[in-house]
Amino acid sequence: MSAERRAPVTVIGLGNMGTALAAAFLERGHPTTVWNRSPEKAKALAERGATVAATPGEAVTAAELVIACVLDYDALHTVLDPVADRLAGRALVNVTSGSPEQARDFRDWAEARGATYLDGAIMTTPPGVGSPDMMFLYSGSQDTFTAHKETLDVLGDALFLGTDPAVASLYDAALLGLMWATFNGWLHGTALVGADKVAAADYTVLANRWLGGAVSGFLTRYAAQIDEGDYPGDDATVDVQIATIDHLIHAAADRGVDNALPELLKASMERAKALGHGGDSYASVIEVLRGKGGATAR
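K.L.:
Break down the overall build of the protein chain for me, with residues and values.
P.N.:
When helices and strands are tallied, the protein chain shows 11 helices and 8 strands. Projected onto its principal axes, the C-alpha positions of the protein chain cover 65 × 45 × 35 Å. Here the protein chain holds 298 residues, and 41% of them are scored as buried. Considering only contacts in the protein chain between residues 6 or more positions apart, those separated by 24 or more positions represent 60%. Working note: accessible area of the protein chain is about 15300 Å², and carbon and sulfur atoms make up 56% of it.

So, in structure tokens, the structure goes:
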């Protein structure tokens with residue numbers, strides 16, 4: 001597709017992420033209009049060919065596809081409420097971070113003003129914007145996603161999760177939780193082996209292989225067990241895991257490494273055992289997280 005045929009796009013909000021979004025569109029030849037409360041943040045983008053709107057109203061009317069990336073939903077309303085009458089017939093893609101409930105409420109607000117709505121979650125930091133390896137999650141209007149997918153793919157791999165606008169935000173929270181838990185598990189392991197003079201880089205080579213191989217396989221197998229509500233202890237039972245984590249706790253204690261994380265994990269396992277899941281797979285710990293006994297213990 002030639003640059004002349006690329007769809008125009010508007011980006012509202014030029015923090016680090018909004019600036020990266022606009023830069024990616026410019027890099028791929030999309031006519032890009034930008035607006036930010038502090039106009040000086042648009043200077044570098046203007047030098048690369050962006051049109052700098054003087055007002056939010058001017059920005060909204062510059063393109064059919066309007067992407068909002070501001071601090072929070074209060075800021076979003078502050079910017080868009082005064083120009084709500086200009087949203088009719090436009091596709092509003094909101095990648096502002098917020099709760100699933102806020103996403104639903106804002107969908108209602110946008111649709112009441114004649115706009116179609118997609119809620120989005122950006123699963124990368126600004127340097128990753130524009131890479132097809134990075135996930136951008138969307139939920140809301142399927143017609144809007146289909147119509148603008150080619151443009152949205154400029155930012156990263158655009159994935160549609162369903163018509164409920166809350167789903168993208170829900171996945172965002174869940175995936176960030178996974179990331180933080182993984183970071184802390186890796187950091188605890190790094191501190192443990194580092195106490196015996198093992199370099200973090202050397203440990204991480206094996207950690208990445210472990211996560212991408214065996215651990216990834218466990219997740220896939222356990223997901224099926226959770227969906228079925230049945231946790232056969234045919235790989236390693238909760239009882240076995242409790243005994244094994246004690247080795248980690250003792251090794252860390254001997255080396256002066258903080259054990260808050262593995263102690264927390266052990267406590268969850270012991271609660272699952274108390275529910276009758278000692279002979280079940282590790283997936284049964286989800287019944288503790290759900291706050292109920294759940295599936296029948298094996």
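After presenting the structure, the write-up continues.
K.L.:
Talk me through the sheet that holds strand β4 (residues 65-68); I want residue IDs and the actual numbers.
P.N.:
Within the open sheet, the 8 strands sit side by side as β3-β2-β1-β4-β5-β6-β7-β8. Their pairing is mixed. Looking at the sheet topology across the chains shown, the edges are occupied by β3 (51-52) and β8 (157-160). Judged from the 2 bridges that link them, strand β2 (residues 32-35) and β3 form a sheet pairing that is parallel. Following the sheet pairing, Thr 33 is matched in β3 by Thr 51.

K.L.:
Just give me the short version of the packing of helix α7 (residues 166-194) against helix α8 (residues 200-228), but keep the residues and values in it.
P.N.:
Contact geometry of α7 with α8 gives a least axis separation of 10 Å together with a crossing angle of 135°. Here α7 lies oblique to α8, going by the angle between them. Our pair here, α7 against α8, has a crossing hand that is right-handed. Across from Thr 182, Trp 186, Gly 189, Thr 190 and Val 193 in α7, the residues of α8 making contact are Ala 200, Tyr 203, Thr 204, Ala 207 and Leu 211. Tallied by class, residues from the contact of α7 with α8 come to 6 nonpolar, 4 polar and no charged.

K.L.:
Which residues make up the nonpolar core, and what are the values?
P.N.:
Core analysis: the largest hydrophobic core is formed by 31 residues, its most contacted members being Leu 21, Val 34, Leu 45, Ile 67, Val 129, Tyr 138 and Leu 155. Elements that contribute at least two residues to this core include exactly β1 (9-12), α1 (16-27), β4, β5 (91-94), β6 (116-123), β7 (135-140) and α6 (142-152). A per-element tally of this core places α1 first, with 8 residues. Ile 12, Ala 59, Leu 80 and Phe 106 belong to the second largest nonpolar core, which has 22 residues in total.

K.L.:
Run through the confidence of the model for the protein chain, naming residues and quoting values.
P.N.:
For the protein chain, mean pLDDT is 96; residues scoring 70 or higher make up 96% of the total. Counting interchain partners and residues more than four positions distant, the pLDDT-below-50 stretch residues 294-298 has 15 contacts.

K.L.:
Hey, could you go over the packing of helix α5 (residues 100-112) against α7 for me, with residue numbers and the actual values?
P.N.:
A pair of packed helices can be characterised by two numbers: the angle between their axes and the separation between those axes. It is the contact of α5 with α7, at a shortest axis distance of 8 Å, that shows an interaxial angle of 160°. Viewed along their axes, α5 and α7 adopt a mutual orientation that is roughly antiparallel. In terms of crossing hand, the pair formed by α5 and α7 is right-handed. Contacts from Pro 100, Ala 103 and Arg 104 in α5 reach Ala 166, Ser 169 and Leu 170 in α7.

K.L.:
Report on the packing of aromatic side chains, specifying residues and quantitative values.
P.N.:
Within this structure, the stated rule accounts for 7 aromatic pairs. Summarising the aromatic geometry, the rings of Phe 106 and Trp 109 are spaced 4.9 Å apart at their centres and angled 25° between planes, so their arrangement reads as stacked. Pair noted here: Phe 106 and Trp 109 are both in helix α5, with a separation of 3 residues, about one helical turn. Phe 106 sits in the buried class, given a relative accessible area of 1%.

K.L.:
An account of α1 is requested, with residue identities and associated values reported.
P.N.:
Counted at 1.5 Å a residue, the expected span for α1 with its 12 residues is 16 Å, and the 16 Å between its end C-alpha atoms agrees. When you tally the buried positions in α1, you get 9 out of 12 residues, the bulk of the element. Taken together, the buried positions of α1 are occupied by Met 17, Gly 18, Ala 20, Leu 21, Ala 22, Ala 23, Ala 24, Phe 25 and Leu 26. Immediately downstream of α1, the backbone of Gly 29 shows phi near 85°, a positive value.

K.L.:
So what's going on with unusual backbone geometry? Residues and values would help.
P.N.:
Its identity as a non-glycine residue notwithstanding, Lys 197 has a phi of 70°, on the positive side. Tracing the sequence through the fold places Lys 197 in the loop between α7 and α8. The class of Lys 197 is exposed, set by a relative accessible area of 77%.

K.L.:
Please provide a residue-by-residue account of the pairing of β4, values included.
P.N.:
On β4, burial covers both faces: Leu 65 and Ile 67 on one face and Val 66 and Ala 68 on the other are all buried. Sheet topology places β1 next to β4; 4 bridges connect them, and they run parallel. When the bridges of β4 are listed, Thr 10 appears paired with Val 66. Where β4 and β5 come together, 4 bridges link them in parallel fashion. Note on β5: the bridge partner recorded for Ile 67 is Val 93. Where the polypeptide runs from β4 across helix α4 (residues 73-80) and back to β5, its parallel neighbour, the crossover connection is right-handed.

Calculation rules
Residues numbered from 1 in each chain as written. Predicted model: local features only at pLDDT ≥ 70, side-chain atom pairs only at ≥ 80, totals over all residues. Heavy atoms only, no water. Helix = DSSP H or I, 4+ residues; strand = E, 2+ residues; numbered from the N terminus. Buried < 20%, exposed > 50% of the residue type's maximum accessible area, 1.4 Å probe, protein only. Contact = heavy atoms within 4.5 Å. Areas by Shrake-Rupley, 256 points an atom, 1.4 Å probe, with all protein chains shown as cover. Pairing = 2+ DSSP bridges. Axes fitted to C-alpha atoms, helices over the stretch in contact; angles between N-to-C directions. Parallel < 35°, antiparallel > 145°, perpendicular 65-115°, else oblique. Left-handed = near helix turned anticlockwise from the far one by under 90°. Nonpolar A, V, L, I, M, F, W, Y, C, P; charged D, E, K, R; others polar. Core = buried A, V, L, I, M, F, W, Y, C linked by side-chain atoms within 4.5 Å. pLDDT = per-residue confidence, 0-100. Phe/Tyr/Trp six-rings, centres within 6.5 Å; stacked < 30°, edge-to-face > 60°. Expected span 1.5 Å × (residues − 1). Right-handed = clockwise from strand over helix to strand, strands pointing away.

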